[in-house]
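# Chains, contacts and geometry: an overview
Each chain, written out:
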Amino acid sequence: MAHLQHRFTIIPVKRLNKGWQEAIYIALYPKKGAVPTNSVTCYGKITDIKFVKRYEITELPKNSAEEYVKFEVESWRFLKEIVKSVGYGISVYTMTTLNALKEAKDCRNYL
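So, a few notes on the structure that sits alongside this text. Computed from a predicted model, the values in this text were never measured in an experiment.

Here the focus is the nonpolar core. One finds I11, L16, W20, I26, L28, C42, I46, V69, F71, V73 and W76 forming the largest nonpolar core, which totals eleven residues. Elements with a contribution of two residues or more to this core: strand 2 (25-28), strand 3 (39-53) and strand 4 (67-84). Counting residues per element, this core draws most heavily on strand 4, at four residues. Once you skip the residues sitting within four places of it in the chain, V73 turns out to touch R7, F8, I26, G44, K45, I46 and T47.

Structure below.
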């Protein structure tokens, strides 16, 4: 998975909600093709934030000019227990605290 190998994740600018700039950590919620799928598996401390066009993200090539925020992380830390989806999952992202993420058993516990 490119996100793990290159230590980053992306979110479309149009999907960002108020307060996103206050984030210190970011977690991965792998979807299609990932194992385990639709579960929060790891998190990382944000080291840099860049505004980029989708085609500029060379780790995940796609010919699109849509604007994204690229979050670079120090390293990914795997959770002791994955945070399982409860059927509806997370559409793009949600904000929570690091403590709440570490304590969560499923997505209902911290959404």
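As a further point, take the packing of aromatic side chains. Two measures describe an aromatic ring pair: the distance that separates the ring centres and the angle between the ring planes. A complete count under the given rule lists three aromatic pairs for this structure. Residues W20 and F51 carry aromatic rings whose centres are separated by 6.0 Å and whose planes lie at 75 degrees to one another, so their mutual orientation is edge-to-face. In this pair, W20 sits in the loop between strand 1 (8-12) and strand 2 while F51 sits in strand 3, placing the two residues 31 residues apart along the sequence. Judged by its relative accessible area of 12%, W20 is buried. An angle of 65 degrees between the planes, with centres 5.9 Å apart, marks the rings of Y25 and Y43 as edge-to-face. Placement of Y25 in strand 2 and of Y43 in strand 3 is noted, with a sequence separation of 18 residues between them. Relative accessible area serves as the criterion here: at 7%, Y43 is assigned to the buried category. Pairwise contacts between aromatic rings join W20, F51 and F71 into one cluster. Above the plane of the ring of Y68 lies R54, whose end atom (NZ or CZ) is 5.7 Å from the centre.

Cut-off values and rules
Each residue is numbered by its place in its chain's sequence as written, counting from 1. Restriction of local features to residues with pLDDT of at least 70 applies here, the model being predicted, together with a cutoff of 80 or more for giving and counting side-chain atom pairs; totals for whole chains, interfaces and linings are based on all residues. As a convention, hydrogens and water are excluded, and side-chain values are obtained from all of the structure's heavy atoms. Side-chain atoms within 4.5 Å are what join buried Ala, Val, Leu, Ile, Met, Phe, Trp, Tyr and Cys residues into a set we call a nonpolar core. Each residue is assigned to one of three classes by its accessible area relative to the maximum for its type, calculated with a 1.4 Å probe on protein chains only: buried under 20%, partly exposed between the two thresholds, exposed over 50%. Here a strand is any run of E in DSSP of at least two residues, a helix any run of H or I of at least four, and the numbering for each starts at the N terminus. We call two residues in contact whenever any of their non-hydrogen atoms come within 4.5 Å of each other. Aromatic contacts are taken between Phe, Tyr and Trp rings whose centres are within 6.5 Å, Trp giving its six-membered ring; a plane angle under 30 degrees counts as stacked, one over 60 as edge-to-face, and the others as tilted. By the criterion adopted, a ring carries a charge over it if an Arg CZ or a Lys NZ lies within 6 Å of its centre and within 35 degrees of its normal.

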